[in-house]
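For reference, the chains in residue letters:
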Amino acid sequence: MNKTLMLIICDFLLLSMLALARFDPPESAPEPTLEASSTSASAEAELIELLEESLRSELSSRENLAEDLTETRQSLQEQARLLAEREAALEAAQSDLAATTEKAQTLESTKAELEAEQAALAEEKARLEAERTQLAERFDRTRSELEAAKSEQVEMANTLGQLKEESSVSRERLSQSEKERLARERELAEREAALKAAEEERARLAAEREALNRQLEVALTERRMLEETLTREQAEKLNLQREKEEAFARADRLTEGVTELGQGVTQLGQGVSQLGQGVTDLTQTSQAMQEEMEAARPQTMSQIFTRFQNNRATLRFTAQERGFLGARNQRTYESNSILVEDTGGAHYLVTHTADSPFAFSKNASNLLAVELTVTLGERRFPVRQIGFLSADPRIIFVPIPDSVVANSGMETFQLARQPERWEEAVLVKNDESNFGRTGFRRLTESERFLKMDRPALGQLFADFASSRGDFAFSKNSRFIGLLTDSQHAVVIDDFLASGVLTLGKNFDTQESADTLDRLRDRARKLPAPVR
């Protein structure tokens, strides 16, 4: 029983006993009667009733207190739940705010980068427009200078005609003078004949010049050719101006006397000699231009393939490799190649590492010995050193001595300095089984690689598919490079080595393994599409 309830009952009993107690002196004891018994019974009933009522009141208050406690607990739990939800919502709002702030900062930086790129593009566009305007002005100025030179040429022809007439008058005067001047007249006549021959030669050269000008109009897209033409025309203009001044000087001297006329004729002969020298220079320039145009003329696929077959070299690697359980196995790797000549006149053979013992997919430590034999025409000789191309270490190049190339009688292939001048490339299989052509474009990640358009090949040869190790040529039969896989070709414009290995008796297994591991790491750093 609850202590509080016990105290209340005890207090109530104590008060009841005090209320019923009498402290008067005792009287004579009355005789017991039935009335006294009824009074005691009613007092007990009232006491029990009061106790029951007090107990019910206490129970009711306890129930109310328990209900209030339950409601308070539920209210506290609800408030705790609402507080947790609010804290979670606050954290979510804070994270959203942080993400929004970070996104805003990223957008701001992206906006700044885009604005910087737009500004750079605007500057580049302005620079290109300025260069285009300068080139247009330069072209117009050159054309006007050419027209002025032609008009001066006509004036020079008229001046020469006047000189002829004045020479005729002088000869008439000389016929009336001393006999010794007759010899000078004959000399003058011979010089006039030479001058006439020079005029005819000049007319012929003018016709050739017109033909060359027509050819130059076809080759105006080449900036270097335009600059050479401008230089040549300026030199000719200076020569014509000098000849014109000399002609006027000779005309003035003709009026002074026969002696001065003879000197003028001598100077005219010198002018004819200078003109002949100019004719020689013009002829040499014309030949150079014709050779350049011949090199720029496209060839058919069959012509390029035939040239490849007629000038094919063979690379034969013989390797001793460590096999299963330490066994020593001998393997042979053979591939075709061509003689490639760089800008310095050196000659090289090229092949892919996949066609050699040095494939990056193999364990380099298993190579125990490697020898290389090259076949050029009817000659076969060993090679002691090879290099791995700096642009792509998966390409092997073999230097060939000039004396060996000269004695082989084989043609060499020049490097294609500007392969993008042509819309298509000609591909030749390494084993000569097929050939075809395809469009290509520069790889955006690196200008040292080209991406080949394989569907174009399928349209021409249904059974043709480009593959690793194929040779790529421009349409003017210049060598572009090798395909490093079925879709990408490396552009070879020089033969810088990223690694060198010694073959034959001096082959070192550890050095070879270290070099190949380093080159393999270098190949992994190439652009992702060509790895």
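Residues numbered from 1 in each chain as written. Predicted model: local features only at pLDDT ≥ 70, side-chain atom pairs only at ≥ 80, totals over all residues. Heavy atoms only, no water.

Asker: Explanation requested: the overall build of the protein in the structure shown.
Answerer: Of the regular secondary structure elements, the protein holds 9 helices and 16 strands. Going through the 531 residues of the protein one by one, you find that 32% of them count as buried. Contacts spanning at least 24 positions in sequence make up 68% of the contacts within the protein whose residues lie at least 6 apart. (Helix = DSSP H or I, 4+ residues; strand = E, 2+ residues; numbered from the N terminus. Buried < 20%, exposed > 50% of the residue type's maximum accessible area, 1.4 Å probe, protein only. Contact = heavy atoms within 4.5 Å.)

Asker: So what exactly am I meant to see when it comes to the pairing of strand β5 (residues 367-376) here?
Answerer: Along a regular strand, successive side chains alternate from one face of the sheet to the other. Sheet topology note: the strand β1 (residues 312-322)/β5 ladder contains 9 bridges and is antiparallel. Note on β5: the bridge partner recorded for Thr314 is Thr375. Judged from the 5 bridges that link them, β5 and strand β6 (residues 379-383) form a sheet pairing that is antiparallel. Directly across from Leu372, in β6, lies its bridge partner Val383. Hairpin connection of β5 to β6: 2 residues between the antiparallel strands, including Gly377 at a positive phi of 65 degrees. (Pairing = 2+ DSSP bridges.)

Asker: Just to check I follow, could you spell out the pattern of salt bridges for this structure?
Answerer: Proximity of charged atoms lets side chains of opposite charge pair with each other. Tallied over the entire structure, the rule returns 16 salt bridges. Between Glu411 and Arg307 there is a salt bridge, and its shortest N-O distance comes to 3.0 Å. One end of the pair, Glu411, is in the loop between α7 (402-408) and β9 (413-414); the other, Arg307, is in helix α6 (residues 301-310), and 104 residues separate them in sequence. For Arg307, a relative accessible area of 19% gives the class buried. Salt bridges sharing common partners tie together Glu78, Arg81 and Glu85. (Salt bridge = Lys/Arg side-chain N within 4 Å of Asp/Glu carboxyl O.)

Asker: Would you mind showing me how to read helix α9 (residues 509-524) here?
Answerer: Residues that lie three or four places apart on an α-helix share one face, since the helix turns once every 3.6 residues. A rise of 1.5 Å per residue sets the reference length of α9, with its 16 residues, at 22 Å; its end C-alpha atoms lie 23 Å apart and thus fit the reference within 8%. Where α9 is concerned, the buried positions are Ser512, Ala513, Thr515, Leu516, Leu519, Arg520 and Ala523. Considered in projection along α9, the buried side chains sweep an arc of 170 degrees and stay on one side of the axis. Counted as exposed and oriented over 90 degrees from the buried face of α9: Gln510 and Arg524. Where α9 is buried, its residues touch β5, β7 (385-389) and β16 (497-502). N-capping of α9 is provided by Asp508, with a side-chain oxygen placed 3.0 Å from the backbone N of Gln510. (Expected span 1.5 Å × (residues − 1). Arc of directions from axis to C-beta. Polar contact = N/O pair within 3.5 Å; in protein donor to acceptor, adjacent residues only side chain to side chain.)

Asker: It is not clear to me how the sheet that holds strand β3 (residues 340-341) should be interpreted in this structure. Could you clarify?
Answerer: Sheets are built from strands paired through backbone hydrogen bonds, the pairs being either parallel or antiparallel. The sheet built from 6 strands is open, its strands ordered β9-β3-β4-β8-β7-β16 with mixed pairing. In this open sheet, the two edge strands, each paired with only one partner strand, are β9 and β16. In this structure, β7 lies alongside β16, joined through 5 bridges in antiparallel fashion. Among the inter-strand pairings, Gly387 is bridged to a residue of β16, identified as Val500. Lying on the sheet, α9 is in contact with β7 and β16; it crosses β16 at an angle near 160 degrees. (Axes fitted to C-alpha atoms, helices over the stretch in contact; angles between N-to-C directions.)

Asker: What is the right way to read the sheet that holds β1 from this model?
Answerer: Here we have 4 strands laid out as an open sheet, ordered β2-β1-β5-β6, and antiparallel in their pairing. Lying at the two open borders of the sheet, with one neighbouring strand each, are β2 (328-338) and β6. Across the sheet, the mean angle from the axis of one strand to that of its neighbour is 20 degrees, orientation sign disregarded.

Asker: What's the story with the packing of aromatic side chains in this structure? I'm lost.
Answerer: Tallied over the entire structure, the rule returns 11 aromatic pairs. Between Phe317 and Phe358, the ring centres sit 6.2 Å apart and the planes meet at 85 degrees, which makes this aromatic pair edge-to-face. Taken together, the residues span a long stretch of sequence, with Phe317 in strand β1 and Phe358 in the loop between β4 (347-352) and β5 at a distance of 41 residues. Judged by its relative accessible area of 0%, Phe358 is buried. Ring geometry for Phe413 against Phe473: centres 5.3 Å apart, planes inclined by 50 degrees, an arrangement best described as tilted. Of the two residues, Phe413 is situated in strand β9 and Phe473 in strand β13 (residues 471-473); the sequence distance between them amounts to 60 residues. Side by side, Phe413 and Phe473 carry an identical accessibility label, which is buried. Members of the aromatic cluster, joined through ring pairs, are Phe308, Phe413, Phe471, Phe473 and Phe479. (Phe/Tyr/Trp six-rings, centres within 6.5 Å; stacked < 30°, edge-to-face > 60°.)

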